[in-house]
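In case you want the letters, here they are:
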Amino acid sequence: MKSYLYLLIVILQFEIILGIDASVFNKAKDASRVVVAGGSITEIFYFLGEQDRIVALDVTSNFPPEAKSLPSIGYVRALSAEGLLSMNPSIILGEDDMGPPAVIKQIRETSYDLRIIPEIRTIDGIIEKIEGIASILNVTEKSEVIISKKLEPYIKKIVKNREKIAKKGVKVMLVLNMQSSSIIVAGANTSGSGFIDLIGGENIFESFEGWKSVNAEAILELNPDYIIVPQRNVHKGLDVTSIADSELFKNTNAGKNKNFILDDAMAITGFGPRTINSALNATEFILKH
């Protein structure tokens, strides 16, 4: 079982690597009424069994389904100070893309406790996020037991699978959104690229930063072996065959072999507990196909 000293080391690593104020993980004076801005944080609360503390959350917090019944504060990147504070929170926890900046500044000028949770897009980063939130809630020992039972067995398998995939030099692309003649894909420094790296793949669009539109010619030239499709409302219901037969993919290795990984968008890109499950499923799919 991890000790308090280990948690302190983890916090210091965050501070050294990202220049983060380590106090972000200090135990909250009052964590009885929590407003959450970020789907992965909501998932962590439910993962830890601490969901009863949440009084309101943002619209990206759609898992588990019962979370949708809680009052909404709007979209994580377009919040209002009035909407947040009207929930009378004892603490506000947000992901690192919480915004806009003017609202963050406005809240920080009040006496409300606001914590922006850092994100490192690795397996260790996911565990550190869970442990950091557990520290804020003062349930560190509880989180250690849950992580050990529910995540560590999966992580061991992912690490082994990832090594095999990395040695094979598997080329992967991840789709954000599909359009008629082009698609939005994950470039470098995106959550999508982070997921590809997590499973040991090579992001074929690592040459540019951010999420960008590409056409069929660019996809065919780089010829992915596997294509990850986070299922969002805009293309839910599409099956592997219909995607593989599309003009965008049918001439690629992925299209010819129907090597498509379909999974929930937030599970893949959220870097919360479910991302561990998604990563294991993706690595096992790649090694079997």
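Right above here is the structure, for reference.
Heads up: these notes are all about the structure in this document. Just so you know, these numbers come straight off a predicted model, no measurement behind them. (Residues numbered from 1 in each chain as written. Predicted model: local features only at pLDDT ≥ 70, side-chain atom pairs only at ≥ 80, totals over all residues. Heavy atoms only, no water.)

## So, the environment of Glu-141
Reasoning step 1: Tracing the chain through its elements places Glu-141 in helix α6 (residues 140-150).
Reasoning step 2: Glu-141 gets classed as exposed once you look at its relative accessible area, which sits at 61%.
Reasoning step 3: Along the backbone, Glu-141 and Glu-131 are 10 residues apart, and their C-alpha atoms lie at a distance of 9.5 Å. (Helix = DSSP H or I, 4+ residues; strand = E, 2+ residues; numbered from the N terminus. Buried < 20%, exposed > 50% of the residue type's maximum accessible area, 1.4 Å probe, protein only.)

## Quick look at the nonpolar core
Reasoning step 1: Formed by 51 residues in total, the largest nonpolar core has its most connected members in Phe-45, Phe-195 and Ile-228.
Reasoning step 2: Broken down by element, this core gets its largest block of residues, eight residues, from helix α5 (residues 123-137).
Reasoning step 3: If sequence neighbours within four positions are ignored, Ile-228 has contacts with Val-172, Met-173, Leu-174, Val-175, Phe-195, Ile-196, Ile-199, Ile-261 and Ile-268.
Reasoning step 4: Counting residues in hydrophobic clusters, the runner-up holds 18 residues, among them Met-173, Val-185, Ile-219 and Val-229. (Core = buried A, V, L, I, M, F, W, Y, C linked by side-chain atoms within 4.5 Å. Contact = heavy atoms within 4.5 Å.)

## Quick look at the pairing of strand β9 (residues 226-231)
Reasoning step 1: The buried fraction of β9 is high, at five of six residues.
Reasoning step 2: Where strand β5 (residues 171-178) and β9 come together, three bridges link them in parallel fashion. Along β9, the bridge assignment pairs Met-173 with Ile-227.
Reasoning step 3: As paired elements, β9 and strand β10 (residues 260-264) share five bridges and run parallel to each other. Paired with Gln-231 across the two strands is Asp-264, which belongs to β10. (Pairing = 2+ DSSP bridges.)

## What to know about the sheet that holds strand β2 (residues 54-57)
Reasoning step 1: Strand order in the open sheet formed by four strands is β2-β1-β3-β4, and the pairing between neighbours is parallel. Edge strands, defined here as strands with exactly one partner in the open sheet, are β2 and β4 (114-117). If you compare each strand with its neighbour and ignore which way they point, the axes differ by 20° on average.
Reasoning step 2: Those strands touched by helix α2 (residues 39-48) are β1 (34-37), β2, β3 (91-95) and β4, and its axis lies near 120° from that of β3.
Reasoning step 3: Of the strands in this sheet, β3 and β4 touch α5, which is tilted by about 165° from β4. (Axes fitted to C-alpha atoms, helices over the stretch in contact; angles between N-to-C directions.)

## What to know about the environment of Leu-248
Reasoning step 1: Position of Leu-248 relative to the elements: it lies in the loop between α10 (240-244) and α11 (253-257).
Reasoning step 2: Linking Leu-248 and Ile-219, residues 29 residues apart in sequence, is a C-alpha distance of 7.4 Å.

## Things to note about the side chain of Ser-143
Reasoning step 1: Here Ser-143 shows up in helix α6.
Reasoning step 2: Each residue touching Ser-143, except ones within four places of it in the same chain, is listed here: Leu-48 and Ala-134.

The values are spatial; any link to function lies outside them.
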